[in-house]
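Residue-level listing of the chains:
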Amino acid sequence: CSVGDICYTEQATWEENCTKYICQNTNIEIVSKGCILEDDCNRHKYIWIDEYNCTSHICDNGTVQITKNGCLVEGVCYQNGDTWNDGCSSYECKNNKAKHLSFGCLTDGVCHKNGETWQGKCFSFTCQNGKVSSSSTGCLVCGDCYLEGEEWELNCTTYICKNLVINTKTFGCSVDEKCYKNNDTWTDLNSCNRYICTEGKIQLHDLGCKADNVCYKNKVSLEVDIDCTKSVCKNGKVEVLPSGCIINGSCYKIQETWIYKCNNFTCINNSPKKISTGCIVEGVCHAELDIWEDKYECKHFTCKRGKVTNMRPGCLIEGVCHMHNDTWEYSCSTFACKSGQVRHTSKGCLVEGVCHTNNETWNDKCTKFSCNDGNIKLKPLGCFVNGVCNRENTSWNDQCFTYTCINNAVQTVTQMALCCHSGGNVYYNGEIIYENNQKYQCVKGRKVLLTEQDCCINSLSCCKENTNFGLQNVLQLGNGHQFWGP
């Protein structure tokens, strides 16, 4: 096939102007046509996507077939299955169409999801499918929210939020730009009268009195009492009333007491009343129930209802007067004065300058002492030997002897079996004794005369004293005997 200056052999193919040709039977036939788009050739069956227009393109024998591919929303292409938000709503691209998934609510620049509830001032808001519904949660007053049951005060009146409705609870009273609550009282400094606020109404409570620019409440005494009188405010007037007893030019206040001619008076209901009568003795006034003594006769007197009464006599001991029932101690004994008689109430025991009280017990040198009404009783506790108290039925060793305390006395003396005596000395078991130019050893209480053989049998150290008697001899002389050695 000849095309211009080019010769194509049989079955050869070539492209020209976005069309594919074939040489068949010397004829030029079209195999397929492409699509020219913006100077670009797109072959037959070629597919491309236009993301700006959200479309899919296919070249079909020179013709461009256009199909929708996704959802074009405000210049943005969303593929099928994609989801996105627009404002407070959410969408999904399904079958090339934008589907509304949920509706939100945009309030004051804040996006609230569908079904969301939020709180505002005195209101509760809920987003339902893009619409906002509200319900009241309190009482809104001048921009302030008061919750259910909450109280507040405004213009001297108390309000309460009840059932989400503003209700008046109490009324106050406004006086000189000051608010008084219900049942509050106050004093008017000009009239000195007291007022009370009752449900928003000002009512007179009581009349006061003004004296020296000072306000006094009703039935209250003025601060200064003069000449046994007091000034009292009564219903707005100052009344002068008696306030004490005037005696010999002196003023005694109510309940005040004083003594006059040895009599005791009290001011009661503005009149003097004698409450007791004293006794004048040798120019000295003794009050009711006073007690005094005559040191020379050791007698005690008391004043009863103006008469001197002689009490029980005391006891004169070495110039000291003791009253009835007085007690004192002397020389380890206790004495008491009973109606002028000295009685010995308890006797102690004086031992080596130490006073032991009655029924007291003490120990000294293995003996228990007790004081019984001045008598000393002894009870032995054991045997006192060499400064040590040995209790009953106990035994102890003293050098080579064993002693036993029986019936609080040393009754049994036994010699220890391990000791030996020689020349007035005591030797313990194993010690060497030199006596009459002989050498002995104390063995279990017996003096044993030592020979070289016996020495070696009994003690290796003894053998070593004799240089001619060595270890070999010790072994030879042993003959089966037990002896000390290495």
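Residues numbered from 1 in each chain as written. Predicted model: local features only at pLDDT ≥ 70, side-chain atom pairs only at ≥ 80, totals over all residues. Heavy atoms only, no water.

(A) Main features of the overall build of the protein. For the protein, the count of helices and strands is three helices and 64 strands. When the 486 residues of the protein are sorted by exposure, 28% land in the buried category. Here the analysis covers contacts within the protein between residues at least 6 apart in sequence; of these, 18% occur between residues at least 24 apart. Of the roughly 32900 Å² that the protein leaves accessible, carbon and sulfur atoms contribute 47%. (Helix = DSSP H or I, 4+ residues; strand = E, 2+ residues; numbered from the N terminus. Buried < 20%, exposed > 50% of the residue type's maximum accessible area, 1.4 Å probe, protein only. Contact = heavy atoms within 4.5 Å. Areas by Shrake-Rupley, 256 points an atom, 1.4 Å probe, with all protein chains shown as cover.)

(B) Examining the side chain of D206 more closely. Residue placement: D206 occurs in strand β30 (residues 201-206). One buried charge, D206, has no salt-bridge partner; the nearest side chain with opposite charge is R194, at 4.5 Å. At 3.0 Å, the side chain of D206 forms a polar contact with the side chain of H205. Sequence-distant contacts of D206, that is, excluding residues within four places in its chain, are made with N193, R194 and N218. (Lys, Arg positive; Asp, Glu negative; His and termini not counted. Salt bridge = Lys/Arg side-chain N within 4 Å of Asp/Glu carboxyl O. Polar contact = N/O pair within 3.5 Å; in protein donor to acceptor, adjacent residues only side chain to side chain.)

(C) Inspection of the confidence of the model for the protein at higher detail. Residue-level pLDDT values for the protein average 81, and 90% of them are 70 or greater. Averaged over each element, pLDDT in the protein is lowest for helix α3 (residues 471-478) (36) and highest for strand β29 (residues 194-198) (91). (pLDDT = per-residue confidence, 0-100.)

(D) Spotlight on the state of the cysteines. Evaluated as defined, the whole model comprises 24 disulfides. In this model, C71 is linked to C93 through a disulfide, with the two sulfur atoms separated by 2.2 Å. For the disulfide bridge between C71 and C93, the dihedral angle about the S-S bond is near 85 degrees, and by the sign convention the bridge is right-handed. Residue C71 is found in strand β11 (residues 71-73), and its partner C93 is found in strand β14 (residues 89-94); the two are separated by 22 residues along the sequence. One exposure class covers both C71 and C93, and it is buried. (Disulfide = S-S within 2.5 Å.)

(E) The sheet that holds strand β63 (residues 438-443), seen in detail. Read from one edge to the other, the open sheet built from three strands follows the order β62-β63-β64, with strand pairing classed as antiparallel. Pairing within the sheet leaves two strands with one partner each, and these edge strands are β62 (432-435) and β64 (446-449). Taking each pair of neighbouring strands and ignoring which way they run, the sheet shows an average axis angle of 40 degrees. Where β63 meets β64, four bridges bridge the pair, whose relative direction is antiparallel. Paired with C442 across the strands is K447, a residue of β64. (Pairing = 2+ DSSP bridges. Axes fitted to C-alpha atoms, helices over the stretch in contact; angles between N-to-C directions.)

(F) Local environment of the sheet that holds β29. Ordered in space as β28-β29-β30, the three strands form an open sheet in which the pairing is antiparallel. Each edge of the sheet is formed by a strand with only one pairing partner; in this case those strands are β28 (185-187) and β30. Taken pair by pair, the neighbouring strands of this sheet meet at an average axis angle of 35 degrees, ignoring direction. Examined bridge by bridge, β29 and β30 share five bridges and lie antiparallel to one another. Looking at the pairing, R194 lines up with D206 of β30.

(G) Representation of the packing of aromatic side chains. One pass over the structure, following the stated rule, counts 16 aromatic pairs. Residues Y8 and W14 carry aromatic rings whose centres are separated by 3.7 Å and whose planes lie at 10 degrees to one another, so their mutual orientation is stacked. Of the two residues, Y8 and W14, both sit in the buried class. Each ring, one from W118 and one from F125, has its centre 6.0 Å from the other, and the planes form 20 degrees; the classification is stacked. (Phe/Tyr/Trp six-rings, centres within 6.5 Å; stacked < 30°, edge-to-face > 60°.)

(H) Geometry of the nonpolar core. The biggest cluster of nonpolar side chains holds six residues, and these are C245, I247, Y252, W258, F265 and C267. Residue assignment for this core shows that the elements contributing at least two residues are β35 (245-247) and β38 (263-268). (Core = buried A, V, L, I, M, F, W, Y, C linked by side-chain atoms within 4.5 Å.)

(I) Geometry of the pairing of strand β9 (residues 55-60). When strand β8 (residues 47-50) meets β9, the two strands line up antiparallel, connected through four bridges. Of the residues in β9, the one forming a bridge with W48 is H57. The turn linking β8 back onto β9 is made up of four residues, and C54 within it adopts a positive phi angle of 55 degrees. In this sheet, strand β10 (residues 63-68) lies alongside β9 in antiparallel orientation, the contact comprising six bridges. When the bridges of β10 are listed, S56 appears paired with T67. Hairpin connection between β9 and β10: a loop of two residues separates the two successive antiparallel strands, and N61 in this loop has a positive phi of roughly 50 degrees.

(J) Region of interest: the environment of H57. With respect to the element layout, H57 can be found in strand β9. Under the relative-accessibility criterion, H57 is labelled buried at 10%. With 10 residues separating them in the primary sequence, H57 and I47 have C-alpha atoms 5.4 Å apart. Contacts of H57, omitting those with residues within four sequence positions, involve Y46, I47, W48, D50, V64, Q65 and I66. Engagement of the side chain of H57 in a polar contact is seen with the side chain of T55, the distance being 2.9 Å.

(K) View of the side chain of N390. Mapped onto the fold, N390 is located in strand β56 (residues 388-391). Side-chain polar atoms of N390 contact the backbone oxygen of V388, separated by 3.4 Å. If we ignore the near neighbours within four places in the chain, the residues touching N390 are C366, L381, G382, C383, V385, W396 and C405.

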